[in-house]
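One letter stands for each residue in the lines below.
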Amino acid sequence: MNKIVLTGGEALGIELGSTRIKAVLVDPCGAPIASGSYGWENKLKNGYWSYELSDVKEGVAAAYAALDKDAYEKSGSHITRVASLGVSAMMHGYLAFDENGKQLAEFRTWRNTSTAQASQRLTQLFDFNIPQRWSVAHFYQAILNDEEYIPRVKRLTTLAGYVHYLLTGCNVLGVGDASGMFPINSDICDYDEDMLQKFDSLPEIKERGISLKTLLPRVLSAGQSGGTLTESGARLLDPSGRLQPGALCCPPEGDAGTGMAATNSVRQKTGNVSAGTSIFSMIVLQKPLSAVHEEIDIVTTPTGAPVAMVHCNNCCTDLDRWVDMFYELLCSCGADITKPRLYDLLYAKALEGSADCGGIVNYNYFSGEPVAHAPFGVPMLFTAADSKLNIADFFRSQIFSALATLKLGMEILDGEGVEIECINAHGGLFKSPVTGQRLLAGALETPVAVTQAAGEGGAWGIALLALYAADTCGMSLEDYLDSRIFSSVSGSVEKPVERDVLGFKKYMKMFKKGMPAELSAAAAVNDKEY
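Definitions and limits used
- Residues numbered from 1 in each chain as written.
- Predicted model: local features only at pLDDT ≥ 70, side-chain atom pairs only at ≥ 80, totals over all residues.
- Heavy atoms only, no water.
- 1 Å grid on protein atoms, 1.4 Å probe; cavity = no way out; pocket = protein on both sides within 12 Å on 5 of 7 lines; lining within 4 Å.
- Points joined across faces, edges and corners; volume = space filled by probe spheres on them.
- Pairing = 2+ DSSP bridges.
- Helix = DSSP H or I, 4+ residues; strand = E, 2+ residues; numbered from the N terminus.
- Axes fitted to C-alpha atoms, helices over the stretch in contact; angles between N-to-C directions.
- Contact = heavy atoms within 4.5 Å.
- Buried < 20%, exposed > 50% of the residue type's maximum accessible area, 1.4 Å probe, protein only.
- Right-handed = clockwise from strand over helix to strand, strands pointing away.
- Phe/Tyr/Trp six-rings, centres within 6.5 Å; stacked < 30°, edge-to-face > 60°.
- Lys NZ or Arg CZ within 6 Å of the ring centre and 35° of its normal.
- Nonpolar A, V, L, I, M, F, W, Y, C, P; charged D, E, K, R; others polar.
- Polar contact = N/O pair within 3.5 Å; in protein donor to acceptor, adjacent residues only side chain to side chain.
- Parallel < 35°, antiparallel > 145°, perpendicular 65-115°, else oblique.
- Left-handed = near helix turned anticlockwise from the far one by under 90°.

Draft legend 1. Molecular detail of empty space enclosed by the protein. With the rule as written, the count across this model stands at one cavity of 30 Å³ or more. Computed from the structure, the largest cavity encloses a volume of approximately 40 Å³.

Draft legend 2. Fine view of the sheet that holds strand 22 (residues 448–451). A sheet is described by the order of its strands in space; here seven strands give the open sequence 17-18-16-15-21-22-23, paired in mixed fashion. Each of the sheet's edge strands pairs with one partner strand only, and the pair in question is strand 17 (297–300) and strand 23 (491–494). Between one strand axis and the next, the sheet turns by 25° as a mean value, whatever way the strands run. Where strand 17 lies against strand 18 (residues 306–312), four bridges are found, and the strand directions are antiparallel. In the strand pairing of strand 18, Val299 is matched with Val307. On top of the sheet, helix 13 (residues 391–415) reaches strand 15 (270–275), strand 16 (279–284) and strand 18; it is set at about 25° to strand 16, its chief contact.

Draft legend 3. The arrangement of the pairing of strand 21 (residues 422–426) in detail. With four of five residues buried, strand 21 is to be regarded as a mostly interior element. In terms of strand pairing, strand 15 meets strand 21 through five bridges, oriented parallel. Within strand 21, the residue paired with Asn272 across the bridge is Asn424. Relative to strand 22, strand 21 runs parallel, the two sharing two bridges. By the bridge assignment for strand 22, Asn424 is matched with Ala449. On the question of chirality, the crossover connecting strand 21 to the parallel strand 22 by way of helix 14 (residues 435–444) is right-handed.

Draft legend 4. Representation of the packing of aromatic side chains. Enumeration over the complete set of coordinates arrives at 22 aromatic pairs. Relative to Phe394, the ring of Trp322 has its centre 4.8 Å away and its plane inclined at 80°; by these criteria the two rings are edge-to-face. Of this pair, Trp322 sits in helix 11 (residues 317–332) while Phe394 sits in helix 13; the two residues are 72 residues apart in sequence, bridging distant segments of the chain. Given a relative accessible area of 26%, Trp322 falls into the partly exposed group. Among the residues examined, Phe394 registers a relative accessible area of 8% and is labelled buried. Relative to Phe486, the ring of Trp460 lies with its centre 5.7 Å away and its plane at 70°, an arrangement referred to as edge-to-face. Linking Trp460 in helix 15 (residues 457–470) with Phe486 in the loop between helix 16 (477–485) and strand 23, this pair joins segments that are 26 residues apart in sequence. You can call Trp460 buried: its relative accessible area is 1%. Grouping aromatic residues by their ring pairs yields a cluster made of Tyr363, Tyr365, Phe382, Phe400, Phe504, Tyr507 and Phe511. Above the ring of Tyr48, the side-chain terminus of Arg108 is found at 4.1 Å from the ring centroid. The cationic tip of Arg155 hangs over the ring face of Tyr165; the distance from NZ or CZ to the ring centre is 4.1 Å.

Draft legend 5. Representation of the layout of surface pockets in the model. The calculated volume of the second largest pocket comes to roughly 870 Å³. When residues in the lining of the second largest pocket are grouped by element, the largest group, five residues, is from helix 2 (residues 116–126). A per-class count over the lining of the second largest pocket returns twelve nonpolar, 17 polar and seven charged.

Draft legend 6. Summary view of the environment of Glu411. Here Glu411 is to be found in helix 13. Here the side chain of Glu411 touches Lys512 through a polar contact of 3.2 Å, side chain to side chain.

Draft legend 7. Fine view of the packing of helix 2 against helix 6 (residues 193–200). Relative orientation of the contacting elements helix 2 and helix 6 amounts to 125°, with a least axis distance of 10 Å. The angle between helix 2 and helix 6 places the two elements in the oblique class. When the axes of helix 2 and helix 6 are compared, the crossing they make is right-handed. Where helix 2 abuts helix 6, its residues Leu122, Leu125 and Phe126 lie against Met195, Lys198 and Phe199. A breakdown of the residues in the contact of helix 2 with helix 6 according to their chemical character gives five nonpolar, no polar and one charged.

Draft legend 8. Examining the packing of helix 13 against helix 17 (residues 498–513) more closely. Axis separation between helix 13 and helix 17 bottoms out at 10 Å; the angle between their running directions is 80°. When the interaxial angle is binned, helix 13 and helix 17 end up roughly perpendicular. Residues Arg396, Ser397, Phe400, Ser401, Leu403, Ala404, Thr405, Lys407, Leu408 and Glu411 of helix 13 lie in contact with helix 17, whose contacting residues are Arg499, Asp500, Gly503, Phe504, Tyr507, Met508, Phe511 and Lys512. Here the residues of the contact of helix 13 with helix 17 sort into eight nonpolar, four polar and six charged.

Next up, the structure:
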């Protein structure tokens with residue numbers, strides 16, 4: 001029996017994450033009705049973590065094909081038309097093109113920590129933190145490196161902006177994603193003109209005749225149109241020819257902005273934590289911070305309101321590799337268990353562990369971690385001599401490790417007096433019930449909410465922004481999400497448990513004390529000096 005009826009009034013959301021590309025179809029009320037995904041991985045290319053743009057095109061089409069198959073199985077009909085669509089992707093990074101659209105350098109993702117010189121100089125120039133992964137830092141570093149293609153650069157964009165351009169022919173970007181390219185003036189929802197002038201006045205920029213603003217995408221706010229799906233864009237998504245062009249496209253956004261939409265965290269005093277390959281928090285500010293902090297990024301909501309972001313490069317990768325090893329062992333023993341079941345068991349054991357992990361401390365650094373001032377990464381674990389080294393303590397330490405660097409940044413916001421009433425969480429760390437949610441509440445000493453639909457992640461978030469662009473109903477984004485989307489979305493809230501709060505504080509003391517050993521080990525393994 002068919003479960004859904006496709007009307008053509010649906011919205012499509014596509015997100016290119018670090019390990020998978022996901023497509024979600026939602027009904028006009030925002031409820032997910034079909035989904036599809038495609039797995040992919042970044043690779044080291046010329047010393048940079050990167051993805052091939054040919055894989056981007058292949059992956060987007062594969063995710064859409066899986067979505068269409070799911071929709072067909074549920075409705076008996078293929079998707080032929082959607083009312084609106086949106087594209088989201090990993091924030092920041094660097095994509096440079098010439099006047100003919102030819103890619104000039106490998107796509108440099110958020111994971112790279114190769115722009116320290118540019119980041120420091122620009123932060124001093126602007127008196128505004130410019131993280132290493134921001135597009136302007138990558139561009140300026142390429143200039144400082146005197147990379148040969150620089151005179152031919154005519155367009156810079158992000159991954160979301162690139163895919164949106166393929167679908168629409170429009171070189172635009174949502175303000176949230178744009179705020180990871182160059183600082184935004186929230187009063188005008190556009191690039192900061194004073195900082196643009198300072199950049200263009202740098203001797204090495206001036207002598208090349210570069211006007212940065214002419215290279216950057218046009219900035220749009222949530223609710224505005226980012227163009228329409230072209231015939232070539234429709235064929236990129238659906239080579240079968242069934243999907244028709246003409247759908248309204250919302251401004252493309254980064255995964256931070258779509259995470260805010262997917263967790264209804266766009267009002268002041270709200271915030272969200274996204275935890276997967278990386279982990280980051282987004283806290284909507286009531287007032288500017290009193291000082292520049294290199295650990296804190298100032299970005300924006302999809303409507304341009306200022307947000308304090310703590311972005312950590314590492315989260316679940318180390319934890320996932322340990323689970324893979326346990327799973328391999330169990331399979332070798334002939335155990336009849338699925339990997340999702342194993343995750344649930346290990347997460348449940350973590351709640352049974354010693355509050356402070358019993359002297360087991362883990363560093364999950366596969367790459368450098370700017371928030372911890374770690375230029376290089378190497379996973380490392382140490383235990384006290386009297387540690388029991390049991391599964392419960394070990395896996396609790398894995399989860400604490402995934403949260404520890406985020407806590408370093410959140411401590412700075414605490415010192416700034418930033419108020420947070422509740423954290424809304426989403427991502428892989430929270431797929432297993434309760435554990436990740438409860439331990440995050442203990443780590444941040446703040447209630448943590450997880451909604452039922454947040455598991456759909458940023459693909460769902462950008463689909464909601466696509467619905468909003470198609471018809472704002474005369475509402476602000478905050479009111480639209482409250483009244484039209486989340487009024488009927490169920491979820492759960494975990495409040496901080498004293499045992500977890502105290503245990504995490506003890507764990508953090510050991511984590512901080514052991515940091516010099518992590519830095520030394522990372523430098524040695526990466527054959528660097530520290």
